[in-house]
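Survey of secondary and tertiary structure
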Amino acid sequence: MTKKVGPDPIDVHVGGKIKLRRLVLRMSQEKLAEGLGVTFQQVQKYEKGTNRVGASRLQMMASILQVPVGFFFTNTVGSNENSQFDPRPDDVVMRFLSSREGVELNAAFVRLRDPRTRQSVVHLIKSLASVGTDPTAEDPKL
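Procedures and definitions
- Residues numbered from 1 in each chain as written.
- Predicted model: local features only at pLDDT ≥ 70, side-chain atom pairs only at ≥ 80, totals over all residues.
- Heavy atoms only, no water.
- Core = buried A, V, L, I, M, F, W, Y, C linked by side-chain atoms within 4.5 Å.
- Buried < 20%, exposed > 50% of the residue type's maximum accessible area, 1.4 Å probe, protein only.
- Helix = DSSP H or I, 4+ residues; strand = E, 2+ residues; numbered from the N terminus.
- Contact = heavy atoms within 4.5 Å.
- Salt bridge = Lys/Arg side-chain N within 4 Å of Asp/Glu carboxyl O.

1. Observations regarding the nonpolar core
Formed by 16 residues in total, the largest nonpolar core has its most connected members in I18, L32, V53, M61, L65, V67 and F72. Those elements giving two or more residues to this core turn out to be α1 (9–24), α2 (29–36), α3 (40–48) and α4 (55–64). Dropping the residues within four chain positions of it, L65 is found in contact with I18, R21, R22, L25, M27, L32 and F72.

2. Brief notes about the environment of A107
Of note, A107 is situated in helix α6 (residues 100–110). A107 sits in the partly exposed class, given a relative accessible area of 22%. Taking the C-alpha atoms as reference points, A107 and V24, separated by 83 residues in sequence, lie 8.2 Å from one another.

3. What to know about the environment of L25
Turning to its location among the elements, L25 is positioned in the loop between α1 and α2. For the pair L25 and Q66, spaced 41 residues apart in the sequence, the C-alpha separation amounts to 9.3 Å. Ignoring any residue separated from it by four or fewer positions in sequence, one finds L25 in contact with I64, L65 and Q66.

4. Re the pattern of salt bridges
A side chain with one charge may pair with a side chain of the opposite charge, provided their charged atoms come close. Taken as a whole and judged by the stated rule, the model has three salt bridges. Between R22 and E47 there is a salt bridge, and its shortest N-O distance comes to 2.5 Å. Of the two residues, R22 sits in helix α1 while E47 sits in helix α3, which places them 25 residues apart along the sequence. Across the pair, exposure class does not vary: R22 and E47 are buried alike. Ionic pairing is found between R116 and D114, a salt bridge with its closest N-O pair at 3.7 Å.

Keep in mind these values describe shape, not function.
As structure tokens, this is what we get:
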């Protein structure tokens, strides 16, 4: 039997979704912890996936965070009912969206009403991201 190293990928995925929703709501770890009747350190452990979230606690979190329980299991490889749960722990986009900068950038972007302004922002970000990289390696569809 091999010794398990680190948290389970499913727990890490669920924790990331907890953090993402909490940040979208602009809720502190302390506020979520208060609603759950735990310490903010416990919420930190849930968000990192180092502590598993039990079913009843996950239901409480879903209620506090105003999402269905299934929200915590979305955006996984093969996340339909006929496939095995296989989270993408290395998903760069998910990590970015779960960060404070990702939440702030997305919140500001959706407030832009003019489609031309939105497109200009996209072009700006792409040009900034390509500075110092090989332009031939860039995917033109992105």
